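Close look at the chain arrangement
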Amino acid sequence: MNCTNKFSKKYKEHILNYAKNSSETTLYDCSELGKELALQELSIEEVVTLHQSCISDLGGLLTEKQVIDSFDLLIEVTVQQSLWLKREIELKSHAQMKVTQQLMYEKSVISSFPDVLIKLSSELNIIDTNEHFSNLFPQKNVTQKTDFLSIFEHKTNILHLCKYTKDSKQRNSKRMNLLTAADQVFPCEVTLVFIDNIHQNNDGFLCIIRDLSEILQTSAQLEFAHQMIHDAVSYTHLRAHETDSYLV
């Protein structure tokens, strides 16, 4: 049996619980699952596949918003998985091997995560990015804090989010607009996770950027379709009323 299959039922339960009550408490309840996945040595790719499979199986039980929100659960599980894997590495490996395996794991997270990922130092200098970032900014060479801030339409928004995340030591999200290499603006959800000792005993951040363009476009199309149906029904009732009045 595929190793991910035995976690499918439990993962679906977490998704449904979070859909009913998307609180921080409910979200943190899934931390133990991240530990189990780490101890089973599942890769990030397998966890992402597990998440997508569970969302697909749940089908019509979730609204569009609940599907979007479920990615918060994926982030929490993989972050906890990363922390527990780091602990296992520290217990089982020598110092140099620990560092090497941890960096390889972090690289796997960065490269395979479905959203844009940016690993930052505490000074907001860019340590690493994943392929999604390179696709979005193919001509942009980003290493410094100024480079990172330049991708946002309003720099004060991301600076405030960084400060609040560092002070609270919790994950925080905010809707923002990004500027592509061609200076095109598109909406996104930016999530910051504060991580201790991200690189050579320095604190840092994991920045997750989710493109909302397609989701918002789909929502707008659905709203337009609903309005058309409402107008058509209202017009039919009006015509029926006028016909009845004429017959009387």
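What comes next is a walk through the structure.

Cut-offs and rules
- Residues numbered from 1 in each chain as written.
- Predicted model: local features only at pLDDT ≥ 70, side-chain atom pairs only at ≥ 80, totals over all residues.
- Heavy atoms only, no water.
- Helix = DSSP H or I, 4+ residues; strand = E, 2+ residues; numbered from the N terminus.
- Contact = heavy atoms within 4.5 Å.
- Areas by Shrake-Rupley, 256 points an atom, 1.4 Å probe, with all protein chains shown as cover.
- Phe/Tyr/Trp six-rings, centres within 6.5 Å; stacked < 30°, edge-to-face > 60°.
- Buried < 20%, exposed > 50% of the residue type's maximum accessible area, 1.4 Å probe, protein only.
- Lys NZ or Arg CZ within 6 Å of the ring centre and 35° of its normal.
- Lys, Arg positive; Asp, Glu negative; His and termini not counted.
- Salt bridge = Lys/Arg side-chain N within 4 Å of Asp/Glu carboxyl O.
- Axes fitted to C-alpha atoms, helices over the stretch in contact; angles between N-to-C directions.
- Parallel < 35°, antiparallel > 145°, perpendicular 65-115°, else oblique.
- Left-handed = near helix turned anticlockwise from the far one by under 90°.
- Nonpolar A, V, L, I, M, F, W, Y, C, P; charged D, E, K, R; others polar.
- Core = buried A, V, L, I, M, F, W, Y, C linked by side-chain atoms within 4.5 Å.

In terms of regular secondary structure, the protein chain is built from ten helices and five strands. Partitioning the contacts of the protein chain with sequence separation of at least 6, the portion at a separation of at least 24 is 56%. A total of about 14500 Å² of accessible surface is found on the protein chain, and carbon and sulfur atoms cover 52% of it.

Taken as a whole and assessed by the stated rule, the structure comprises two aromatic pairs. Ring geometry for Phe-194 against Phe-205: centres 5.7 Å apart, planes inclined by 75°, an arrangement best described as edge-to-face. In this pair, Phe-194 sits in strand β4 (residues 185-199) while Phe-205 sits in strand β5 (residues 202-211), placing the two residues eleven residues apart along the sequence. For Phe-205, a relative accessible area of 2% puts it in the buried group. The ring of Phe-194 is capped by Lys-169, whose NZ or CZ atom sits 5.1 Å from the centre of that ring.

So, on to the side chain of Asp-72. Examined against the element boundaries, Asp-72 turns out to sit in helix α5 (residues 64-92). Within the buried core, Asp-72 has no salt-bridge partner, and the shortest N-O distance to an opposite charge, that of Arg-210, equals 4.4 Å. Discounting chain neighbours no more than four positions away, the residues touching Asp-72 are Tyr-18, Leu-27 and Arg-210.

With that out of the way, let us pick up the environment of Asn-157. Structurally, the position occupied by Asn-157 is in helix α9 (residues 155-168). Discounting residues that sit within four places of it in the chain, Asn-157 has contacts with Lys-174 and Met-176.

We now examine the packing of helix α1 (residues 8-20) against helix α4 (residues 44-58). Orientation of α1 relative to α4, taken along the N-to-C sense of each, is 70°, at an axis distance of 10 Å. With respect to their mutual orientation, α1 and α4 come out roughly perpendicular. Crossing handedness for the pair α1 and α4: right-handed. When α1 is examined against α4, the residues Ser-8, Tyr-11, Lys-12, Ile-15 and Leu-16 are found in contact with a partner set consisting of Leu-50, His-51, Cys-54, Ile-55, Asp-57 and Leu-58. When grouped by side-chain class, the residues that make up the contact of α1 with α4 number seven nonpolar, two polar and two charged.

What follows concerns the nonpolar core. Generally speaking, nonpolar side chains in soluble globular proteins are found buried as a group. Ranked by internal contacts, the top residues of the largest apolar core, which has 25 residues, are Ile-118, Phe-148, Phe-152, Ile-158, Val-190 and Ile-209. When contributions to this core are tallied by element, the ones reaching two or more residues are β1 (116-121), α8 (145-149), α9, β3 (172-179), β4 and β5. In terms of residue count, β4 provides more of this core than any other element does, five residues in total. Ignoring sequence-local partners within four residues, the contact set of Val-190 consists of Phe-152, Ile-158, Leu-161, Asn-172, Ser-173, Lys-174, Met-176, Leu-178, Cys-207, Ile-208 and Ile-209. Core analysis: the next-biggest nonpolar cluster, separate from the first, contains 20 residues, Ile-44, Cys-54, Leu-73 and Val-77 among them.

Moving on, we get to the pattern of salt bridges. Summed over the entire model, instances satisfying the criterion amount to eight salt bridges. We note a salt bridge from Asp-57 to Lys-12, for which the minimum N-O separation is 3.1 Å. Here the residue Asp-57 occupies a position in helix α4, and Lys-12 occupies one in helix α1, the gap between them amounting to 45 residues. Of the residues examined, Asp-57 reaches a relative accessible area of 49% and is grouped as partly exposed. Several salt bridges share partner residues, and in doing so they unite Glu-24, Glu-76 and Arg-171 into one network.

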